[in-house]
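One-letter residues, chain by chain:
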Amino acid sequence: MNEKQKLFTRHSIGTRIAALFMLLILVITGVMTYVSISVSTSELLDSSTDYTEQLILRVNAELDMYVEYMKDISDFIVDNGAVAAYLQAANEHRLTDAACRGAQQQLAAAQKIRAEITSIALIPQSGGALFGSEGASLNTYSNYHTADWYVDALADPDEVQVSSSRVENLIAGQYNWVVSFSKAVLDAAGQVQGVLLIDLNYQIIDRLCADIQLGSRGYIYLIDRSGGILWHPQQDLIYAGLKEENAQQVLAAKNGRMLLGKGSGRKLYVACASEATGWTAVGVAYTQELLRSRDRIYQTYLLIAAAALVLALVFALQLSMSIADPIRRLTQTMRRVEEGDLHVRCQVSSRTELGQLSDSFNHMIAKTADLMDERLRIEEQKRKSEWKALQAQIQPHFLYNTLDTIRIQAHLNGDKTVASLLMRLVDFFRLSVKVDRPMVTLDDEMELLEAYMELMCCRYPELCCEYDIDPELGGAQVPNFILQPIVENSLLHGLKNKGYRGRVAIAARKLDGGAMEVTVCDSGSGFAPGKRAEIDAMLANYAHQAPKLTGNSIGILNVQKRIKLLCGRECGLSYTENEDGGVTAHIVL
């Protein structure tokens, strides 16, 4: 036993119950507090994520509305007659100042509709460009024919194309970061006449995204179809390579949600794509700000846990006292009983198992006191019986000593027959008084039986007795005085009705498995009608039958009980009827 076990067993059961109960409550409270805090933190984070997602969806919706509005402006310009006349004249190389002026006025008017429109350009198929801004001219180094906005517009002339952010170099001397809308202009026959280009700065995106608050440090940025950053509140740092965003990792995240970083720098990314623009708005929020109410939750749960522990301590002490106090009283009572006081009683007034235990112990004390009194009474009776038995032994000893004296005198007088009979009678009395031994050898049992049968054969000359005993079984142990009652029963109930004319055969043989069988076979009159079933039932239910005496010998029921008791339940006495008459008793030992 180690030191911890010794320390634990040194204390009382009440202290141990209180300590174990407190430990159990402490573990349960700790686990529940940990689980509650974890679940609350997870729920709070999920709620913050859902809120961030709603804000991102709102940004996407406003961007979609704005894009649709800009597409309507593009369609309005494309459908204008002055614009169509300009493109036709430019492509036919018959362009006039009036046509240029009319189209330029339309472009200038459209450009003034929104402050974020930096420029509007009309590019004929034949080349060149017309701008909405006065004095603007085409940059001779601009290779717009290969630009995505131009190629996409010609590839899908029926739709307005939205480009990613880029530096616009179409106008000489201007290099602005813009997002472009482009659309092919078709004539009545459906032939492409040119391309309309509208460039927007980031004012509208700045305004839309600035209205979204994701904490003091959170922000929103936009990703285009190709995975490049379209807009970022720190655009300059992004393009200068001083700041990076995990755009590709965010796009690949499951459900558009992802957590990155550790500690105070841990960030939540929520991404939502727009079907109208193909852009993806990404909200970035710091979990430290989203979970700022977590500390308050921690404090609440810890206060609840502390209150639970205090209540558990009070309950544990009360519980330990309710168990330990009855046990202490029961222990004190036991000690007084050990000292010999059988009149003491344990006073525990409780309906619990301890109260039942106390009542049972009190009953045991009373029963023990009664048994002690009964034992004293039995001991007194035993002493009296032993004295009477000692006196009674004088009579059979005197009897067979006297018979032995008569036998000697008959032998001296020459009457050998009488002397022989008296010798067998003396042997029978000598052996019969030794019934105090529960087990004897088969030889001893047979010696008693032979003395008895020699007397009976002398009395009834036409009665004969046969023996077939395996010599190896002579030393086998058998219950004392079991064969003489069986043989006597055969004589009285089998051969008596035939005038004691007949035969009694006693045999002993070894069975398989080490058991032994002794049979007593007679040639008597057999069982009376119904007697066989009565005897079989009596022997089968021997445990519930009262012992019976037949004359001066012990009955077969007594023999059956002693065999079962001394040799085991698998042994016993049974009867069968012989085919040629008579009955055979089978004794398995």
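An account of the accompanying structure is given in this report. Predicted model only: the values in this text are computed from it and were never measured.

**Structural notes on the overall build of the protein**
Here is step 1: The secondary structure content of the protein amounts to 17 helices and 20 strands.
Here is step 2: Across the 589 residues in the protein, those meeting the buried criterion constitute 40%.
Here is step 3: Relative to all contacts within the protein whose residues are 6 or more apart in sequence, the contacts with residues 24 or more apart total 61%.
Here is step 4: Put simply, the protein shows about 33800 Å² of open surface, and 55% of that area lies on carbon and sulfur atoms.

**A short note on the side chain of K564**
Here is step 1: As for its placement among the helices and strands, K564 is situated in helix α17 (residues 556-567).
Here is step 2: At 7.4 Å, E570 is the nearest oppositely charged side chain to K564, a buried residue that forms no salt bridge.
Here is step 3: With residues up to four places along the chain from it excluded, the contact list for K564 reads Y542, R569, C571 and G572.

**Considerations on the pattern of salt bridges**
Here is step 1: Counting across every chain of the model gives 13 salt bridges.
Here is step 2: The closest approach of N and O atoms between E462 and R501, which form a salt bridge, is 2.9 Å. One end of the pair, E462, is in the loop between α14 (442-459) and β13 (463-469); the other, R501, is in the loop between α15 (483-495) and β15 (502-510), and 39 residues separate them in sequence.
Here is step 3: Classification of R501 by relative accessible area gives partly exposed; the value is 47%.
Here is step 4: The structure contains a network of salt bridges with shared partners spanning D50, E53 and R257.

**Quick look at the state of the cysteines**
Here is step 1: Applying the stated rule across the entire model yields zero disulfides.
Here is step 2: Here C465 stays unpaired: no disulfide links it, and the sulfur of C457, its closest cysteine neighbor, is 5.8 Å away.

**Quick look at the pairing of strand β1 (residues 117-124)**
Here is step 1: Burial analysis of β1 places seven of its eight residues in the buried class, the great majority of the element.
Here is step 2: Here β1 pairs with strand β2 (residues 130-131) via two bridges, running antiparallel. Residue pairing for β2: L122 is matched across the bridge by L130.
Here is step 3: Linking β1 to β2, which pair antiparallel, is a turn of five residues; within it G127 sits at a positive phi near 110°.

**Regarding a negative patch on the surface**
Here is step 1: A contiguous patch of negative charge on the surface is contributed by D148, D152, D156, D158 and E159.
Here is step 2: Structurally, the position occupied by D148 is in helix α5 (residues 148-155).

**Some points on the nonpolar core**
Here is step 1: In this structure, M453, I486, L491, V504, I506, Y575 and I587 are the most contacted members of the largest nonpolar core, which totals 45 residues.
Here is step 2: Counting residues per element, this core draws most heavily on α14, which supplies eight residues.
Here is step 3: Counting 43 residues, the second-largest nonpolar core is a separate cluster that includes L55, I77, Y86 and L214.

**A word on α5**
For the α-helix, the turn length of 3.6 residues means that residues three or four positions removed from each other point alike.
Here is step 1: Of all the residues in α5, the buried ones are W149, Y150 and A153. Projected onto a plane normal to the axis of α5, the buried residues spread over an arc of 100° and lie on a single side. Facing away from the buried side of α5 by over 90 degrees, the exposed positions are D148 and A155.
Here is step 2: Looking at the packing, one finds that the buried side of α5 touches β1, β3 (161-162), β4 (166-168), β5 (176-186) and β6 (192-200).

**Quick look at the sheet that holds strand β9 (residues 257-260)**
Here is step 1: Pairing is antiparallel across the open sheet formed by five strands, whose spatial order is β8-β7-β11-β10-β9. Looking at strand neighbours, the two that pair on one side only are β8 (229-231) and β9, the edges of this open sheet. Averaged over all neighbouring strand pairs, the angle between strand axes comes to 30°, with direction disregarded.
Here is step 2: Pairing analysis gives four bridges linking β9 to strand β10 (residues 267-273), with the strands arranged antiparallel. The residue of β10 that forms the bridge with R257 is V270.

Reading the values: rules and limits
Residues numbered from 1 in each chain as written. Predicted model: local features only at pLDDT ≥ 70, side-chain atom pairs only at ≥ 80, totals over all residues. Heavy atoms only, no water. Helix = DSSP H or I, 4+ residues; strand = E, 2+ residues; numbered from the N terminus. Buried < 20%, exposed > 50% of the residue type's maximum accessible area, 1.4 Å probe, protein only. Contact = heavy atoms within 4.5 Å. Areas by Shrake-Rupley, 256 points an atom, 1.4 Å probe, with all protein chains shown as cover. Lys, Arg positive; Asp, Glu negative; His and termini not counted. Salt bridge = Lys/Arg side-chain N within 4 Å of Asp/Glu carboxyl O. Disulfide = S-S within 2.5 Å. Pairing = 2+ DSSP bridges. Patch = residues over 30% accessible without salt bridge, like charges linked within 9 Å, V, L, I, M, F, W, Y side chains within 5 Å. Charge placed at Lys NZ, Arg CZ, Asp CG, Glu CD. Core = buried A, V, L, I, M, F, W, Y, C linked by side-chain atoms within 4.5 Å. Arc of directions from axis to C-beta. Axes fitted to C-alpha atoms, helices over the stretch in contact; angles between N-to-C directions.

These figures capture arrangement, not role.
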